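Okay, here's what each chain looks like letter by letter:
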Amino acid sequence: MTDQALTRAEAARLDIEDKLSSFRERFYIPDGTLYFDGNSLGLLSKDAEASVQRALDAWKTYAIDGWTKGPEPWFHLPETLGGLSAPLVGALPSEVIVSGSTTVNLHTLLATFYRPTGTRTKILADRENFPSDLYAMHSHIQLHGRPDEDLVLIEPDENGLMSEQTIIDAMQDDIALILLPSVWYKSGQLADIRLLTEAAHARGIVIGFDLAHSIGALPHELHDIGVDFAVWCNYKYVNSGPGATAGLYVHERHHDKAPGLAGWFGSDKDRQFDMAFPLTPARSASKWQLGTPPILATAAIAASLKMLHEADITAIRAKSLQQTSYLRKLLTHFVIDADLGGNIRTPIEDSRRGGHIAFEHEDAVQLAKALRVEGVVPDFRPPYTLRFAPAPLYTSYQDIYDAVMIISDLLKTGRHHAYSKERDVVS
Ligand SMILES: Cc1ncc(COP(=O)(O)O)c(C=O)c1O
Ligand SMILES: Nc1c(O)cccc1C(=O)C[C@H](N)C(=O)O
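Residues numbered from 1 in each chain as written. Chains lettered and ligands numbered in written order. Predicted model: local features only at pLDDT ≥ 70, side-chain atom pairs only at ≥ 80, totals over all residues. Heavy atoms only, no water.

- You'll find the chain entered in an unreviewed UniProt entry as Kynureninase, with Alicyclobacillus ferrooxydans given as the organism.
- UniProt annotates the chain under Subunit (unreviewed entry) with the comment "Homodimer."
- Per UniProt, the comment on the chain under Sequence similarities (unreviewed entry) is "Belongs to the kynureninase family." (UniProt positions renumbered as here; feature names shortened; annotations may be inferred.)

So, in structure tokens, the structure goes:
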């Protein structure tokens, strides 16, 4: 890198060139903060705030009639939002529903798709997946009375990355179902969804993905690839608030399947208020809903999705790649090559990188605390990962530059050693 490329003036120039820069002013960025935790909780936008206010106004004005009246009637909202989410995951509108939480949706889909039979009894997953997914899969193994060995967990390689080939080699005749993340939450590695899906299907195995760390950060092609099912949350790059209602996708070739777990919101909407038994399920992904949608937790999603469409996911991905690459270059120059320690676990290739950078440092806990105090918000994942997610809708290149300068200065002066090595309760 030339000297010019490493200056703050260059960061300012990149901001001027940035076609998405105007979105930043539509977000509330906490005062004095360089926010890099959009991969855990995206920031509130003014659009989302207004959308939540509209939901409160509808409740105030229409009371029970809010289900069918008002600007965004609640009864069909999960389907409407499913349609709005579909382009982000590359699905048909009927294949997506906004419902539940990531973990709950995973349970409903495991209950539908994991049916150990004959010699096909095992679930294939990986040790680096988010713990909630591992707990969910383990609980289904137990529900079916299967031994723990039926949860086959692939280990990462010596660089902390997952090898697609190792996963494919483990797709044996005893595997009934595979669940993998699209982007590994700690390393930021992006999975080759097409390669893995084609390999699974060639061996007669059902495959699903957890898109929590890729939805809103990069485009997907779930339908065309033929992925069987997927789940995700809307509170990271979709910016719809803590605990926002999540999403799920089921390929249309499975829409004749009965939901493994059922509830009345999975009804054919025209029949739901017949209150009849047994259930007449919807003929779309809608059937994987359970109970009443939490409207206030769903209210921000329409506005947030519209903003993503306005920005365009291809442009978002292009900026995300440029920003993570820029962050890597600065961290490499000002920290790693400056002998201040640390390394970057996230793959360098664009095709293998999601939306965040995993910087590993032996002082990660102390750094995480010192950075918060000095206005930089990454997050910490044990044992020594700091994750930095530039969110293309609101992170500037100058934010990235300033954050790296603070990291480098902390390490040079050792100020972070003043903080305890115990991680915070929520980190
Ligand atoms: C990959 C992944 N799956 C599942 C979850 C858990 O989702 P939830 O707590 O919303 O069910 C998270 C984040 O918390 C995650 O990153
Ligand atoms: N869901 C979270 C929460 O309720 C509190 C704090 C953080 C989260 C997260 O989303 C963590 C995130 N999934 C991760 O990748 O670690």
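1. Overview of the overall build of the chain
Here comes step 1: Assigned secondary structure in the chain consists of 13 helices and 13 strands.
Here comes step 2: Relative to its length of 427 residues, the chain is compact, with a C-alpha radius of gyration of 22 Å against a globular reference of 22 Å.
Here comes step 3: For the chain, the spread of C-alpha atoms along the principal axes amounts to about 70 × 55 × 40 Å.
Here comes step 4: Within the span of the chain, comprising 427 residues, buried residues form 56% of the whole.
Here comes step 5: Long-range contacts, defined as pairs at least 24 residues apart, comprise 72% of the intrachain contacts of the chain with a sequence gap of at least 6.
Here comes step 6: Accessible surface, the chain: about 17700 Å² in total, of which carbon and sulfur atoms supply 54%.
Here comes step 7: The positive charge centre, built from 40 side chains, and the negative charge centre, built from 55, are 3 Å apart in the chain. (Helix = DSSP H or I, 4+ residues; strand = E, 2+ residues; numbered from the N terminus. Rg over C-alpha atoms; globule rule 2.2 N^0.38 Å. Buried < 20%, exposed > 50% of the residue type's maximum accessible area, 1.4 Å probe, protein only. Contact = heavy atoms within 4.5 Å. Areas by Shrake-Rupley, 256 points an atom, 1.4 Å probe, with all protein chains shown as cover. Lys, Arg positive; Asp, Glu negative; His and termini not counted. Charge placed at Lys NZ, Arg CZ, Asp CG, Glu CD.)

2. A few points about the pattern of salt bridges
When charged atoms on two side chains of opposite charge get close, those side chains can pair.
Here comes step 1: Under the definition given, this model contains 29 salt bridges.
Here comes step 2: With its nearest N and O atoms 3.7 Å apart, the salt bridge here joins Arg 352 to Glu 349.
Here comes step 3: By relative accessible area, which is 25% here, Arg 352 ends up partly exposed.
Here comes step 4: Since its relative accessible area comes to 35%, Glu 349 is described here as partly exposed.
Here comes step 5: Taken together, the shared-partner salt bridges in this structure form one network comprising Glu 10, Arg 13 and Glu 17. (Salt bridge = Lys/Arg side-chain N within 4 Å of Asp/Glu carboxyl O.)

3. Quick look at helix H7 (residues 193-202)
Here comes step 1: For H7, the set of buried residues is Ile 193, Leu 196, Thr 197, Ala 199 and Ala 200. End-on, the buried residues of H7 take up no more than an arc of 165°, which puts them together on one face.
Here comes step 2: Where H7 is buried, its residues contact helix H6 (164-169), strand S5 (175-181), strand S6 (206-210) and helix H8 (222-225).
Here comes step 3: Immediately beyond the C-terminal end of H7, within one or two residues, lies Gly 204, with a positive phi of roughly 75°. (Arc of directions from axis to C-beta.)

4. Details of the site of ligand 2
Here comes step 1: Lining the immediate environment of ligand 2, one finds Ser 40, Phe 130, Tyr 185, His 213, Tyr 235, Lys 236, Arg 381, Arg 387 and Val 426.
Here comes step 2: One of the side-chain N or O atoms of Lys 236 is found 2.6 Å from a nitrogen atom in ligand 2.
Here comes step 3: Between ligand 2 and the protein, one listed contact pairs an oxygen atom with a side-chain N or O atom of Arg 381 at 2.8 Å.
Here comes step 4: Bound to the protein, ligand 2 loses 66% of the 380 Å² it would expose on its own.
Here comes step 5: When grouped by side-chain class, the residues that make up the shell around ligand 2 number 4 nonpolar, 2 polar and 3 charged. (Near = heavy atom within 4 Å. Polar contact = N/O pair within 3.5 Å; in protein donor to acceptor, adjacent residues only side chain to side chain. Nonpolar A, V, L, I, M, F, W, Y, C, P; charged D, E, K, R; others polar.)

5. A short note on the sheet that holds strand S9 (residues 343-344)
Here comes step 1: The antiparallel open sheet is built from 4 strands, whose spatial order is S9-S10-S13-S12. Each edge of the open sheet carries a strand with a single partner, namely S9 and strand S12 (379-381).
Here comes step 2: Inspection of the sheet shows S9 paired to strand S10 (residues 357-360) by 2 bridges, in the antiparallel sense. Considered in S10, the bridge of Asn 343 is made with Glu 360.
Here comes step 3: The strands that helix H11 (residues 313-336) touches are S9, S10 and strand S13 (385-388); relative to S10, the one it contacts most, it runs at about 15°. (Pairing = 2+ DSSP bridges. Axes fitted to C-alpha atoms, helices over the stretch in contact; angles between N-to-C directions.)

6. Observations regarding the packing of H11 against helix H13 (residues 397-413)
Here comes step 1: The interhelical angle for the contact between H11 and H13, taken along N-to-C directions, is 25°, at an axis separation of 10 Å. Judged on the interaxial angle alone, H13 and H11 are roughly parallel. Relative to H13, H11 is oriented so that their crossing is right-handed. Where H11 abuts H13, its residues Lys 319, Gln 322, Gln 323, Tyr 326, Leu 327, Leu 330, Leu 331, Phe 334 and Val 335 lie against Tyr 397, Ile 400, Tyr 401, Val 404, Met 405, Ile 407, Ser 408 and Leu 411.
Here comes step 2: Counted by class, the contact of H11 with H13 contains 13 nonpolar, 3 polar and 1 charged residues. (Parallel < 35°, antiparallel > 145°, perpendicular 65-115°, else oblique. Left-handed = near helix turned anticlockwise from the far one by under 90°.)

7. What about the UniProt feature "modified residue: N6-(pyridoxal phosphate)lysine" (unreviewed entry) in the chain?
Here comes step 1: Per the UniProt entry, the sites bearing "modified residue: N6-(pyridoxal phosphate)lysine" (unreviewed entry) are Lys 236 in this numbering.
Here comes step 2: Relative to the helices and strands, Lys 236 is located in the loop between strand S7 (229-232) and strand S8 (247-250).
Here comes step 3: Those residues in contact with Lys 236 that lie beyond four places of it in its chain are Gly 38, Asn 39, Ser 40, Gly 42, Ala 212 and His 213.

8. Describing the site of ligand 1
Here comes step 1: Around ligand 1, the structure places Ser 101, Thr 102, Thr 103, Phe 130, Asp 133, Asp 210, Ala 212, His 213, Tyr 235 and Lys 236.
Here comes step 2: At a separation of 3.1 Å, a nitrogen atom of ligand 1 approaches a polar side-chain atom of Asp 133.
Here comes step 3: Taking 390 Å² as the accessible area of ligand 1 by itself, protein coverage stands at 83%.
Here comes step 4: Taken together, the residues that form the shell around ligand 1 break down as 3 nonpolar, 4 polar and 3 charged.

9. Remarks on the environment of Asp 312
Here comes step 1: Secondary-structure assignment places Asp 312 in the loop between helix H10 (301-311) and H11.
Here comes step 2: Once the C-alpha coordinates of Asp 312 and Gly 216 are considered, the two residues, 96 residues apart in sequence, prove to be 9.6 Å apart.

10. Details of the UniProt feature "binding site: pyridoxal 5'-phosphate" (unreviewed entry) in the chain
Here comes step 1: Look at the UniProt record and you will see "binding site: pyridoxal 5'-phosphate" (unreviewed entry) annotated at Thr 102, Thr 103, Phe 130, Pro 131, Ser 132, Asp 133, Asp 210, His 213, Tyr 235, Trp 264 and Thr 292. The greatest C-alpha distance among the residues just named is 30.0 Å, and with 191 residues of sequence between them they are spread in space as well.
Here comes step 2: Given the relative accessible area of 38%, Phe 130 is considered partly exposed.
Here comes step 3: With respect to the element layout, Tyr 235 can be found in the loop between S7 and S8.
Here comes step 4: When its relative accessible area of 26% is taken as the criterion, Tyr 235 is described as partly exposed.
Here comes step 5: Residue contacts for Tyr 235: discarding those within four places in its chain leaves Ser 40, Leu 41, Gly 42, Ser 240, Gly 241, Pro 242, Gly 243 and Ala 244.

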